[in-house]
Number of protein chains: 2
Amino acid sequence: MLDPHLMRVALGERPADLAIVNGKIVNVYTREIYPGGVAVAGERIAAVGDVAYAIGERTTVIDAGGRCLVPGFVDAHTHPEDTHLSPARYAEAVLVRGTTSVMTDYHEIGVVGGPTAIEAALDEAAQTPLKVYFVVPSHIPFNPEVETSGGVMDSSHVETALRRPDAVGLSEVIGKLVVEQYPDLLRSIAATHCARRTLHGHGPPDMRGPRLNAYVSAGIASEHQTLTADSAVERLRAGLNVMMREGTLAKNLGPCSKAATEYGLATRNLSVVTDDLDVVDLVTVGHMDHVVLRALEEGLDFLTAIQMVTLNAVASYRLDLEIGGLAPGRYADINLTTDGSDFRVEATVARGRVVAWNGRLVAPLPLPRHPESFLRTLRLPRPLCADDMALPVPGAARRVRVRAVKVLEHIRLTSAVEADLPVEGGRIQADTARDILPVCVIERHGVTGGVGRGFVTGYGLRGGAIASTIAHDNHNIVVIGTAYADMAAAANHLARLQGGLCIVRDGRVIGDLALPILGLLTDEDAHTVAATEQRLNELAHALGCPLRRPFMLMSFLTLAGIPEWAITDKGLVSVEGARVVDAVVSVD
Amino acid sequence: MLDPHLMRVALGERPADLAIVNGKIVNVYTREIYPGGVAVAGERIAAVGDVAYAIGERTTVIDAGGRCLVPGFVDAHTHPEDTHLSPARYAEAVLVRGTTSVMTDYHEIGVVGGPTAIEAALDEAAQTPLKVYFVVPSHIPFNPEVETSGGVMDSSHVETALRRPDAVGLSEVIGKLVVEQYPDLLRSIAATHCARRTLHGHGPPDMRGPRLNAYVSAGIASEHQTLTADSAVERLRAGLNVMMREGTLAKNLGPCSKAATEYGLATRNLSVVTDDLDVVDLVTVGHMDHVVLRALEEGLDFLTAIQMVTLNAVASYRLDLEIGGLAPGRYADINLTTDGSDFRVEATVARGRVVAWNGRLVAPLPLPRHPESFLRTLRLPRPLCADDMALPVPGAARRVRVRAVKVLEHIRLTSAVEADLPVEGGRIQADTARDILPVCVIERHGVTGGVGRGFVTGYGLRGGAIASTIAHDNHNIVVIGTAYADMAAAANHLARLQGGLCIVRDGRVIGDLALPILGLLTDEDAHTVAATEQRLNELAHALGCPLRRPFMLMSFLTLAGIPEWAITDKGLVSVEGARVVDAVVSVD
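Residues numbered from 1 in each chain as written. Chains lettered and ligands numbered in written order. Predicted model: local features only at pLDDT ≥ 70, side-chain atom pairs only at ≥ 80, totals over all residues. Heavy atoms only, no water.

S.K.: Residues and numbers for the packing of aromatic side chains, please.
M.R.: All names here are of chain A. Tallying each qualifying case throughout the model produces 4 aromatic pairs over all chains. Arranged with centres 6.3 Å apart and planes meeting at 50°, the rings of Phe 73 and Phe 343 form a pair that is tilted. In this pair, Phe 73 is assigned in strand β6 (residues 73-75) and Phe 343 in the loop between β14 (334-337) and β15 (345-350), connecting sequence segments 270 residues apart. Given the relative accessible area of 6%, Phe 343 is considered buried. A ring pair is formed by Phe 302 and Phe 343, whose centres lie 5.9 Å apart and whose planes are at 55°; its orientation type is tilted. A residue pair is termed long-range when its members are at least 10 positions apart, and Phe 302 in helix α12 (residues 302-308) and Phe 343 in the loop between β14 and β15 qualify at 41 residues. Cluster of aromatic residues (ring-pair linked, three or more members): Phe 73, Phe 302 and Phe 343. (Phe/Tyr/Trp six-rings, centres within 6.5 Å; stacked < 30°, edge-to-face > 60°. Helix = DSSP H or I, 4+ residues; strand = E, 2+ residues; numbered from the N terminus. Buried < 20%, exposed > 50% of the residue type's maximum accessible area, 1.4 Å probe, protein only.)

S.K.: Tell me what's going on with unusual backbone geometry, and back it up with residues and numbers.
M.R.: Here the residue pair Pro 563 of chain A and Glu 564 of chain A is connected by a cis peptide bond, since its omega of 0° sits within 30 degrees of zero. Considering the arrangement of structural elements, one finds Glu 564 of chain A in the loop between α17 (550-557) and β27 (565-568). The linkage connecting Ile 140 of chain B with the following residue, Pro 141 of chain B, adopts the cis geometry, with an omega of -10°. Not every positive phi belongs to a glycine, and Asn 22 of chain B is a case in point at roughly 60°.

S.K.: Before we move on, can you summarise the pairing of strand β2 (residues 32-41) of chain B with the specific residues and values?
M.R.: On any regular strand, side chains alternate: one points to one face of the sheet, the next to the other face. Residue and element names in this part refer to chain B. Among the 10 residues of β2, 8 are classified as buried, and the element is accordingly described as predominantly covered. The sheet contact formed by strand β1 (residues 18-27) and β2 spans 8 bridges and is antiparallel. Considered in β2, the bridge of Val 26 is made with Ile 33. The hairpin formed by β1 and β2 contains 4 residues between the paired strands, and Arg 31 there has a positive phi angle of roughly 60°. (Pairing = 2+ DSSP bridges.)

S.K.: Explain helix α9 (residues 253-261) of chain A to me, using residue names and the numbers behind them.
M.R.: For α9 of chain A, the set of buried residues is Leu 253, Gly 254, Cys 256, Ser 257, Ala 259 and Ala 260 of chain A. Buried positions along α9 of chain A lie against α8 (229-237), β12 (241-245), β13 (270-273), α11 (288-297) and α12 of chain A. (Contact = heavy atoms within 4.5 Å.)

S.K.: For the nonpolar core, give the residues involved together with the corresponding values.
M.R.: Counting 151 residues, the largest nonpolar core has Ile 428, Phe 455, Tyr 459 and Ile 480 of chain B as the members making the most contacts within it. Broken down by element, this core gets its largest block of residues, 9 residues, from helix α3 (residues 107-126) of chain B. Residues in contact with Tyr 459 of chain B, not counting those within four places in the same chain, are Val 407, Asp 435, Leu 437, Ile 466, Ile 480, Gly 544, Cys 545, Pro 546, Leu 547, Pro 550, Leu 553 and Met 554 of chain B. Counting residues in hydrophobic clusters, the runner-up holds 150 residues, among them Val 96, Cys 545 and Val 581 of chain A together with Ala 54 of chain B. (Core = buried A, V, L, I, M, F, W, Y, C linked by side-chain atoms within 4.5 Å.)

S.K.: Describe the interface of chain B and chain A, listing the residues and the values that go with them.
M.R.: The partner chain A presents 59 residues to the 59 residues of chain B that form the contact. Summed over both partners, the interface of chain B with chain A comes to about 5000 Å²; 59% of that surface belongs to carbon and sulfur atoms. The largest contributions to the chain B side of the interface with chain A come from Arg 196, Arg 268 and Arg 318 of chain B, which together make up 16% of the buried area. Connecting chain B to chain A are 4 salt bridges. Glu 32 of chain B is the partner of Arg 237 of chain A in a salt bridge, and the nearest nitrogen-oxygen pair spans 2.9 Å. Counting across the interface, chain B meets chain A through 13 residue pairs in polar contact (both at pLDDT 80 or more). Along the lines of polarity and charge, the residues of the side of chain B that touches chain A split into 36 nonpolar, 13 polar and 10 charged. (Buried area = accessible area lost by both parts, 1.4 Å probe. Salt bridge = Lys/Arg side-chain N within 4 Å of Asp/Glu carboxyl O. Polar contact = N/O pair within 3.5 Å; in protein donor to acceptor, adjacent residues only side chain to side chain. Nonpolar A, V, L, I, M, F, W, Y, C, P; charged D, E, K, R; others polar.)

Written out as structure tokens, the structure reads:
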């Protein structure tokens with residue numbers, strides 16, 4: 001902050017590096033829109049308003065042509081790994097949409113590579129014009145008793161991570177664990193208070209009344225799992241920053257924003273985040289620019305919509321002197337936009353440099369050389385075969401009754417159904433007619449090599465298998481299929497790719513996406529990845545899958561942290577009991 | 001924050017210690033007023049709204065009788081030493097007015113006793129129900145080149161002080177020194193950023209345009225020297241928290257609040273502070289309760305007026321999860337008040353205990369035993385005599401032309417006039433007809449024992465002398481009089497009292513107030529002190545002084561930090577040049 005160049009430019013003693021003139025300042029502090037410009041020194045804003053005094057011969061001057069000058073957008077809770085883009089490619093994809101800062105825990109990267117991998121990813125991100133603020137994961141994996149991850153984080157790692165200057169808080173502070181006073185989490189919370197960072201919650205949507213009070217009393221600053229207007233009202237009244245999700249799966253902005261538009265509550269603690277946004281939506285629909293449009297559709301005024309993706313979000317991280325507004329000393333993150341009647345981002349300045357015009361990057365970002373630890377992270381002891389995929393049954397069994405996990409579109413909660421399945425050749429057979437399919441999770445970090453097996457309903461595949469190495473909260477290989485041989489082939493293909501997504505039919509790979517970075521990410525550009533994923537989704541649909549995002553939903557099937565059921569490398573997991581239960585209920 | 005009792009009460013597993021029911025919640029987060037109560041566990045709030053579930057047999061229940069439940073008030077920039085009350089007595093006086101937190105640098109205490117005395121004062125304050133947050137002084141004294149103080153603070157002390165858990169920021173960050181990049185201040189600013197605390201500014205009122213931009217670019221969070229609506233608009237647009245002063249001397253709320261009421265700017269960064277409030281005003285007019293009334297008079301709505309003395313103020317210190325609102329986990333600081341139409345505080349809860357009803361303390365606070373270093377701080381080498389008070393002149397001089405500092409009511413700036421004075425018996429004589437009086441500042445910390453001498457106009461005394469040990473930014477003895485013998489008598493009397501205020505006429509002390517704690521404070525209660533000060537003011541008025549607050553204004557006459565002139569123990573000081581100049585312009 002103590003930048004002599006910045007101060008001299010602000011004083012008018014030295015020309016600005018960049019000046020945007022003839023714009024309309026969208027002031028999120030005062031809720032005004034008025035004519036003016038912005039003068040930039042290095043990465044920071046030196047002056048806002050009448051900036052003629054700061055312009056010299058060496059100043060690059062941009063005529064905004066009357067466009068609005070809006071603070072760079074902030075996605076205050078997101079998991080960039082959901083896009084499958086490496087940090088540089090992710091930065092490219094969101095910068096062209098006007099997003100200049102994101103807050104993330106890089107939790108998925110930590111699941112595979114632990115704190116070291118997270119630090120390496122943060123370092124890669126720091127080389128881009130996008131600012132990635134680190135919200136330290138509160139623990140990895142979610143439930144070590146019933147799943148195997150590559151990386152591990154507990155309170156001792158949290159304490160270390162909080163020392164990073166880019167660390168701004170503790171992420172995904174689980175409501176249930178707070179209320180039950182889980183000792184390791186309490187240690188992380190204490191360390192966070194001590195480091196003067198803030199707590200960012202992951203309270204269940206149905207947390208209300210006394211449990212919500214108990215949760216908030218721990219000092220939680222924000223929450224991003226609010227589904228209804230009533231719940232938003234309750235949480236805002238409790239002083240929480242309500243981060244309304246508007247991503248690929250969760251669409252909470254509509255109901256939650258009624259707290260403002262219908263109930264008339266003040267909006268200072270209302271913000272919008274994506275949480276989960278896949279690359280298809282990012283490329284075809286947009287990022288926070290789309291969120292602004294959605295907020296306008298919901299009846300919020302232009303200034304409020306802008307505040308909800310800038311100042312309101314950053315205040316809960318205590319970053320309001322750094323980002324989220326146009327004022328001297330803040331990062332020069334500025335969007336040139338049309339106004340609220342026909343909103344779009346036409347140019348983006350990040351860290352004081354023009355990075356995008358009309359949805360195109362000024363120049364692609366350099367791709368860093370990744371650390372060795374990012375690569376070759378899939379470690380299977382041997383190729384898998386069909387028998388590895390099948391749940392063993394007694395030799396004489398002819399039918400079994402199984403418990404199948406039921407997935408639901410648009411909501412990440414699972415339930416279960418029971419169904420009878422035939423046994424042939426010693427293997428339980430899929431029932432495609434009633435949509436009861438086998439699912440396997442194969443430990444891939446080289447820890448146990450174990451395979452967890454169970455059943456799923458909701459995927460509707462009538463043939464083949466789909467597989468992925470994106471599987472919360474362990475990122476093992478998850479595969480669903482109609483035939484064990486196809487399932488094994490799909491898993492083996494992903495092992496060869498060192499991670500990714502694929503679809504196999506009749507023993508043949510009919511579509512894939514390689515994600516060789518930690519088994520999670522690629523250095524391909526966003527448009528290429530989006531096209532491939534679009535095609536993979538279509539292939540799954542062609543196989544009968546009715547789900548809009550089969551792979552994304554599959555990644556939550558393995559999450560032993562959201563009720564009621566999950567499949568992990570240990571088998572079928574009852575989330576409530578945090579224990580492995582038999583997927584076979586009875587044998588006939 | 002990790003308080004198992006609090007969590008159990010919030011969950012309804014254990015009864016609350018205190019519950020206020022049948023109230024109207026004034027919610028500063030959502031800007032709503034709705035029926036409800038507050039349940040308290042220990043010092044914190046466990047639940048807000050419907051709190052019936054938290055009430056058990058052992059719960060003390062207060063029926064609010066439909067009164068408003070308002071967060072405890074916060075004075076976000078104040079110098080408690082201006083009341084001359086010791087920390088416990090100050091806490092009593094402001095708690096009965098509904099103030100439950102103050103932010104202060106205890107700068108005056110530091111001027112006499114340095115960082116050790118500040119820490120001792122903070123420790124005394126911490127034993128009261130009032131929360132005193134420490135904003136670390138950026139340096140003491142203001143200008144060591146031209147004044148002598150007892151204590152000293154520079155960036156090395158700042159670094160140490162910032163480690164205190166109650167340290168929330170850096171105080172009085174001087175605009176001129178920031179813009180000129182004064183090296184020691186830059187070190188303190190860097191240390192503050194590093195400790196994740198915020199910078200609280202003291203920019204001159206006329207700082208605007210480029211200089212304001214430069215100042216804000218250093219990361220300044222708040223400012224408390226804004227005098228006009230235009231200036232308030234400019235500072236709010238620059239993202240500053242504008243702390244409008246409404247104290248004994250500065251009355252900025254009226255003009256500055258027009259930024260909201262006339263210009264229509266958002267109020268989230270508008271707050272009100274007292275800065276300087278003397279005990280007479282505190283006792284007779286009030287503290288933040290009076291500020292709320294004033295805000296209502298200026299046309300601000302009730303919710304905004306309350307926000308301006310609660311949430312808005314604390315956010316810039318990053319204390320919004322601790323104080324400033326009624327929500328679980330926050331300190332149980334609650335006022336029971338009437339509504340905006342006839343506003344008054346009827347009861348106050350601080351740290352979970354009822355401390356005041358109807359303007360009376362429930363019980364006086366215990367007075368701590370002060371550390372030895374608080375006492376006997378006046379160290380004069382010998383009693384003073386009339387000759388010590390008089391500026392030497394050549395033996396043959398008959399008349400001298402002097403430069404006299406001109407004090408102004410309500411504004412702490414000084415100017416100067418020139419005047420001719422007769423010399424009799426080798427001494428320059430006061431000219432009471434034209435109100436040109438001698439003034440002396442006597443070094444009293446036992447450092448030099450020096451006496452600075454000059455002249456003043458504006459005090460209008462027609463006889464006697466007035467003296468004080470409250471003298472910014474050095475707290476030496478300052479004395480103004482019509483006769484040197486009375487001046488010496490007044491100074492000697494204060495030395496005997498070990499500090500205080502007094503008035504001498506014809507060699508006799510006609511009124512005094514002993515301030516034996518650091519020469520600044522007393523353990524007498526607020527009403528007694530106010531009555532004494534009132535009487536001293538009246539005595540000064542009877543001697544001809546036209547100033548409403550002669551002693552308070554005299555304390556700024558010695559401040560070598562505000563233009564244009566000051567008197568210190570070194571003599572007449574030109575503030576702009578930061579140098580001592582001759583008070584005698586010519587000798588005849």
